[in-house]
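Reading the structure
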Amino acid sequence: MPDPGPVTCAGCALLCDDVTIEPSGDGVRLEPPCPLGAQWFSERARRPASAPAATIRGQAAGVEAALNRAAELLRGARRPLIYGFDGATVEDARAAVALADRLGALVVPGGLAGAWPGAPALPLRGASSATLGEIRDRSQVVVIWREDPLTSHPRLLERLGFVDGSADGSPRRAWRGTRTLVVLDDRDTATAARADLRLRWARERDLEALTCLRAMQRGVAARSSDLGDALGGLLERLGEVPHAAFVYGPALSSGAGGQRRALALHELVRALCGDRHVVTLALPSAAGATGAEDVLTWQTGYCGSVDLAGGHPELVTATRPLMADEGVDVSLCIEGGLSPAPAGVAEIALGSLPARGDAEVSIHTAAAGVEATGTAHRLDGVPLALQAPLARDAPSAAALLARLLAEIER
Ligand code: SF4
């Protein structure tokens, strides 16, 4: 493997851009070490040269024939769905939104079977946000709300200045100084083990806790007596510092009531900002998620799920999973895991990892960050270049989507 110098890892939404890779066994090793990143690179580096470039109903096919079949399906679609984006670049997402606009498609980044959109918190309330650097340099209290970034985003605590970058990840108190890491979780996670202050209550009580915090911040006594002490202690810590951050993710904002909980968090943060600076940092579950949301925002005005069926963008809101009610007949998955689809839906997959065997059409793409270059947005919105340390000549999803659009418009 040629030495590509430092590259950007897209193994998670943190997009560490100081990574060097070297062969190790049948995979790769990363420096600084990160097991998740090593697994991500290794999975994409291992693709056998004999794997077909495309399949139609599970049978090997040429890319041209597969594109023609995909175009035929999309041209005849009554209710097309475009989803995925886990490993998509900004270029992929732009091409996908252009195609969705032409088709009048429903765009759901997480897929129909994922967390349903509720009344999306960000478009309704906006968010107080910050870069990783601002949180590292200014937040004296960082509250991690029911996430375990040491597992899902392994270098986050290092990037926020709570642990050093050494191989054993040992705490470096001098850097950490008097900063406080608060972890709310009723599970014993790796991140919780690093906390200076632990809070525990069941996930079902998150909305109650957030509304109580808001009430206590307004000077109204909390009704929930058993959470009162813990919440009072947290408010006290927050009240002692001029800058604090809340780190949250799908454990707060997904599933039943998820967007209500997210709204409550953003309401609380906005209220706390009256006399100090408080910010939020969302932990997306995939490296392509922030870029896809940013592209949707630029091109449709909405982040999250957008319906273009009416000839103009509409923000999708729903209080239950979308899958059953949308009447989707053709779905196009871009650089993501194929969701289970209702019976009768023809599936098209453009991805760098093997698609499920029952996809009607599947076309292999070059993995951005390993086999192809591209642009990705870090979880705090900072754009970063992805390199191609193992460049191969498979097409990118963006190139395939542009060809699909041209074929459909012909
Ligand atoms: S923390 Fe995430 S982006 Fe950074 S090296 Fe590990 S997997 Fe890659």
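Residues numbered from 1 in each chain as written. Predicted model: local features only at pLDDT ≥ 70, side-chain atom pairs only at ≥ 80, totals over all residues. Heavy atoms only, no water.

Considering the site of the ligand
Cut-off, in case you're wondering: In this text, near means that some heavy atom of the residue lies within 4 Å of the molecule or strand in question. The rule is simple: put a 1 Å grid over the protein atoms alone, call a set of points where a 1.4 Å probe fits but cannot get out a cavity, call an open set with protein on both sides within 12 Å along at least five of seven lines a pocket, and count a residue as lining if it has an atom within 4 Å of a point. To decide whether a molecule occupies a pocket or cavity, check its atoms: if more than half lie within 2 Å of the grid points, it is inside. Put simply, Ala, Val, Leu, Ile, Met, Phe, Trp, Tyr, Cys and Pro go in the nonpolar bin, Asp, Glu, Lys and Arg in the charged bin, and everything else, Gly too, in the polar bin.
Within the structure, the ligand sits among Cys9, Gly11, Cys12, Leu14, Leu15, Cys16, Cys34, Leu36, Gly37, Pro154 and Arg155. Using a 2 Å cut-off from the grid points, one finds that the ligand occupies the largest cavity. The residue inventory of the shell around the ligand, partitioned by class, reads 8 nonpolar, 2 polar and 1 charged.

Comments concerning helix H12 (residues 258-272)
The test is simple: Here a strand is any run of E in DSSP of at least two residues, a helix any run of H or I of at least four, and the numbering for each starts at the N terminus. Here the expected span of a helix is defined as 1.5 Å times the quantity of residues minus one. Here the term buried applies to any residue with accessible area under 20% of the maximum for its type, exposed to any over 50%, and partly exposed to those in between, with areas from a 1.4 Å probe on protein chains only.
The terminal C-alpha atoms of H12 lie 21 Å apart, and with 15 residues this matches the ideal 21 Å at 1.5 Å per residue to within 8%. If you check which residues of H12 are buried, you get Gly258, Gln259, Arg261, Ala262, Leu263, Ala264, Leu265, His266, Leu268, Val269, Ala271 and Leu272.

Looking at the confidence of the model for the chain
Let me state the cut-off plainly: Confidence per residue, as judged by the predictor, is encoded in pLDDT with a range of 0 to 100. Contacts are residue-level and defined by heavy atoms, with any inter-residue pair within 4.5 Å sufficient.
Here the chain averages 89 in pLDDT, and 89% of its residues register 70 or above. Under a pLDDT of 50 for its full length, residues 169-174 has, in the predicted model, 8 contacts with residues more than four places off or in other chains.

Looking at helix H13 (residues 289-300)
Taking 1.5 Å per residue as the helical rise, H13 with its 12 residues ought to reach 16 Å, and the 16 Å between its terminal C-alpha atoms agrees with that figure. Thr290, Gly291, Ala292, Val295, Leu296 and Thr300 are the residues of H13 that are buried. Packing partners of the buried residues in H13 comprise helix H3 (90-103), strand E6 (106-108), strand E12 (306-307) and strand E17 (374-377). Once H13 ends, the next one or two residues include Gly301, with phi positive near 95 degrees.

Considering empty space enclosed by the protein
The test is simple: Grid points are joined across faces, edges and corners, and a volume is the space filled by probe spheres set on the points.
Applying the stated criterion across every chain, the model contains 2 cavities of 30 Å³ or more. Computed from the structure, the largest cavity encloses a volume of approximately 90 Å³. Lining the largest cavity are 13 residues, and of these Cys9, Cys12, Cys16, Cys34 and Arg155 sit closest to its centre. Residue composition of the lining of the largest cavity, by class: 10 nonpolar, 2 polar and 1 charged.

A short note on the packing of aromatic side chains
Formally: Centre distance within 6.5 Å is the pairing criterion for rings of Phe, Tyr and Trp, where only the six-membered ring of Trp is used; planes under 30 degrees apart are then read as stacked, over 60 as edge-to-face, and the remainder as tilted. Two conditions define a charge located above a ring, namely a distance within 6 Å from the ring centre to NZ of Lys or CZ of Arg, and an angle within 35 degrees of the ring normal.
All told, the structure shown has 2 aromatic pairs when counted by the stated rule. Ring centres 5.0 Å apart and planes at 80 degrees place the aromatic pair Trp40 and Phe41 in the edge-to-face group. With centroids separated by 6.0 Å and ring planes inclined at 70 degrees, the aromatic side chains of Trp145 and Trp201 adopt a geometry described as edge-to-face. Residue Trp145 is found in strand E7 (residues 141-145), and its partner Trp201 is found in the loop between strand E9 (197-199) and helix H9 (206-217); the two are separated by 56 residues along the sequence. Residue classification places Trp201 among the buried positions, given a relative accessible area of 5%. Here Arg179 stacks its cationic end above the ring of Phe162, 4.2 Å away from the centre of that ring.

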